[in-house]
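Here is how the chains run, residue by residue.
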Amino acid sequence: LRVGGRHEDCDLQYSITGDYVRIDGAGCVMKGNKIHFANNGAGHWLIVNEPDVIIDGNEIYNKTTQDNMIAVNDVRPKIINNYFHDFSGSGTPWETIRVGSSSVAKTGAIYGADIGGNKFERINADTELFTIKASGNNIHDNQFINCNSSPTFRHGRDNKFVNNIL
């Protein structure tokens, strides 16, 4: 599914292999949705491919397949006030959020992600709860409850991790 524009109060629960939402519209807003795909194969759930995307106030849960809940491939996303929970598995990659990539990070890419006010609960997957592979990101005011993985700053510079509760 490719989306742009504004998407609010939906219940996204695809059930076939390879289901994901590719956000291809600059400034797209995903707000107040329940996102709990039942896919059997590996794959990202939300892929941010445009600037200034807002993912706000969603409940994202029950991912049981390998790969990220959210993969950020463009600048200035806001991932705020979401509730991520019940994400279990083992292997790599298996993060809740990935910002940037190893190959792009070497260029000094500045993504400027704002990841704040989120609650992460029962995230028992990869050792990296989320992975930052870019510069200029602000991770703030999040809660991490009963998680066996942790935030990871793998590449980049000038990233902030402020006022989070672990």
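Of all hydrophobic cores here, the largest spans 35 residues; its most connected members are Ile55, Ile70, Phe84 and Ile97. For this core, the secondary-structure elements that each account for two or more residues are β4 (21-23), β7 (46-48), β10 (70-72), β12 (83-88), β13 (97-100), β15 (119-124) and β16 (128-133). Residue contributions to this core peak at 3 residues, all from β16. With near-sequence residues (within four places) excluded, Ile97 lies in contact with Ile70, Ile79, Phe84, Ile115, Phe120, Leu129, Phe130 and Thr131.

With that out of the way, let us pick up the pattern of salt bridges. Per the counting criterion, the structure on display carries 8 salt bridges. A salt bridge links Lys31 to Asp56; the nearest nitrogen and oxygen atoms lie 3.5 Å apart. Separated by 25 residues along the polypeptide, Lys31 in strand β5 (residues 29-31) and Asp56 in strand β8 (residues 54-56) bring together distant segments of the chain. What makes Asp56 buried here is its relative accessible area of 12%. If you follow the salt bridges from partner to partner, you end up with Asp86, Lys119, Glu121 and Arg122 in one network.

Calculation rules
Residues numbered from 1 in each chain as written. Predicted model: local features only at pLDDT ≥ 70, side-chain atom pairs only at ≥ 80, totals over all residues. Heavy atoms only, no water. Core = buried A, V, L, I, M, F, W, Y, C linked by side-chain atoms within 4.5 Å. Buried < 20%, exposed > 50% of the residue type's maximum accessible area, 1.4 Å probe, protein only. Helix = DSSP H or I, 4+ residues; strand = E, 2+ residues; numbered from the N terminus. Contact = heavy atoms within 4.5 Å. Salt bridge = Lys/Arg side-chain N within 4 Å of Asp/Glu carboxyl O.

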